[in-house]
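The primary structure of each chain is shown beneath.
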Amino acid sequence: MSSLRIRIPHGTGLFTPDDKGEGERIDYGALAYDAVTRSRLTALGVGPGWRCLEVGAGTGTISRWLVDEAGVDEVLALDRDPRFVRARPEGRVRTMTADVTDPTLAPGLFDLVHCRFVLMHLPEHADVLRRLADWVAPGGRLVVGDAIDLTTAQLPPSAYQRVMAAMWEALRERIGTDITWVTGYPHLLHELGLQEVGAEIVVPPLTVDAPITAFWANTWRGMRDALEASPLLPPGELDRALVELASPSLAALSPGLITAWGRRAATSPSVVGSG
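Remember, it's a predicted structure, so these values are computed and weren't measured experimentally.

Colleague: Quick question: what am I supposed to make of the overall build of the protein chain here?
Modeller: Assigned secondary structure in the protein chain consists of eight helices and seven strands. Burial analysis of the protein chain (275 residues in total) assigns 56% to the buried set. Carbon together with sulfur atoms contributes 53% to the accessible area of the protein chain, which is approximately 11500 Å² in total.

Structure, rendered in structure tokens:
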């Protein structure tokens, strides 16, 4: 995933890899958030000697940065469909086709496990988060991130906000997406026995020419059937929201990214509560 880019699980009838422009849509999200992720991983000391696992690798932008710029030894890019990730012939970026919800999955131990815009789409997110923590080597880092939305907390006054609210509801009904729990990330990581837990929230500027604006426009177009069927939207509301996104007078707030991290104790053989 990883990739907003929201990482919508493929095979759900929404945003399949075969959809025209899907790679471009994911890349718009990467343009909006990769700098945030790179800055956080750099601050956590990611670099030479590290083995890294990227869960939900999207188009591979973070995986490639880890080897090309951060200089890590190896990245395993895990995705249900990693076709957009370009593996490296020298083996520093490898791909693994797998479902992170599979309880038998055991990719190994890593100095960094990174997962962005994946868990929010999984009803079993707590179990998956526990397994991610188990894949962190002693002394290593777990870094997770998901969407956080401040735009629909009150009655939406604009077409943009009404469509945003309808989108989250459609995703919840179709695939179980839930972002209501993500502010609890620090507590969840602490409960898993991780140390040096921290979290941050970044909301990118929603301007007419911003990558995040293009991401939302492409996302909504890809969900047109689901959104136009939503009881939350009057006829024509989606098109009015798309006009709003394309207007030079656009003045709204985008959903943002919450990133949380923790370190596994160097002497701990297993994360508390792992199964």
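Colleague: What's the story with the nonpolar core in this structure? I'm lost.
Modeller: The nonpolar side chains of a soluble globular protein tend to be buried with one another. Leu119, Leu132, Leu142, Trp216 and Trp220 are the most contacted members of the largest nonpolar core, which has 64 residues in total. For this core, the leading source of residues is helix 4 (residues 159–175), giving 10 residues. With 19 residues, the next largest nonpolar core counts Val46, Trp50, Trp65 and Ala77 among its residues.

Colleague: In this structure, what is going on with helix 3 (residues 125–134)? I would like to understand it.
Modeller: Of all 10 residues in helix 3, seven are buried, a share of seventy percent or more. Regarding helix 3, the residues found buried are His125, Val128, Leu129, Arg131, Leu132, Ala133 and Asp134. Contacts made by the buried residues of helix 3 are with strand 1 (51–55), strand 4 (110–116), strand 5 (136–148) and helix 5 (185–191).

Colleague: Any chance you could explain the pattern of salt bridges here in plain terms?
Modeller: Tallied over the full model, the rule gives 13 salt bridges. In this structure, Arg141 engages Glu196 in a salt bridge whose closest nitrogen and oxygen atoms are separated by 3.2 Å. Highlighted residues: Arg141 in strand 5 and Glu196 in strand 6 (residues 195–202), separated in sequence by 55 residues. Shared partners join several salt bridges into a network, and the residues in it are Arg51, Glu74 and Arg94.

Colleague: Help me understand the packing of helix 4 against helix 8 (residues 237–245) in this model?
Modeller: In a pair of packed helices, the angle between the axes and the distance between the axes together describe the arrangement. Contact geometry of helix 4 with helix 8 gives a least axis separation of 8 Å together with a crossing angle of 120°. On the basis of their axis angle, the class for helix 4 and helix 8 is oblique. Along this stretch, helix 4 crosses helix 8, giving a crossing that reads as left-handed. Contact residues: Ala159, Tyr160, Arg162 and Val163 in helix 4; Glu237, Leu238, Arg240, Ala241, Glu244 and Leu245 in helix 8.

Colleague: Looking at this model, I keep getting lost on the confidence of the model for the protein chain. Mind explaining?
Modeller: Confidence along the protein chain averages 88 in pLDDT terms, with 87% of residues attaining 70 or more. Counting interchain partners and residues more than four positions distant, the pLDDT-below-50 stretch residues 1–11 has 78 contacts. Segment residues 271–275: pLDDT under 50, and 13 contacts once partners within four positions in sequence are set aside and those in other chains are kept.

Colleague: Help me understand unusual backbone geometry, please; the structure alone is not making it clear to me.
Modeller: The phi torsion of most residues other than glycine is negative, and most of the peptide bonds are trans. Backbone geometry places Phe117, a non-glycine residue, at a positive phi of 55°. By secondary structure assignment, the location of Phe117 is in the loop between strand 4 and helix 3. The phi angle at Glu196 is positive, at roughly 50°, despite the residue not being glycine. Glu196 sits in the partly exposed class, given a relative accessible area of 45%.

Criteria and thresholds
Residues numbered from 1 in each chain as written. Predicted model: local features only at pLDDT ≥ 70, side-chain atom pairs only at ≥ 80, totals over all residues. Heavy atoms only, no water. Helix = DSSP H or I, 4+ residues; strand = E, 2+ residues; numbered from the N terminus. Buried < 20%, exposed > 50% of the residue type's maximum accessible area, 1.4 Å probe, protein only. Areas by Shrake-Rupley, 256 points an atom, 1.4 Å probe, with all protein chains shown as cover. Core = buried A, V, L, I, M, F, W, Y, C linked by side-chain atoms within 4.5 Å. Contact = heavy atoms within 4.5 Å. Salt bridge = Lys/Arg side-chain N within 4 Å of Asp/Glu carboxyl O. Axes fitted to C-alpha atoms, helices over the stretch in contact; angles between N-to-C directions. Parallel < 35°, antiparallel > 145°, perpendicular 65-115°, else oblique. Left-handed = near helix turned anticlockwise from the far one by under 90°. pLDDT = per-residue confidence, 0-100.

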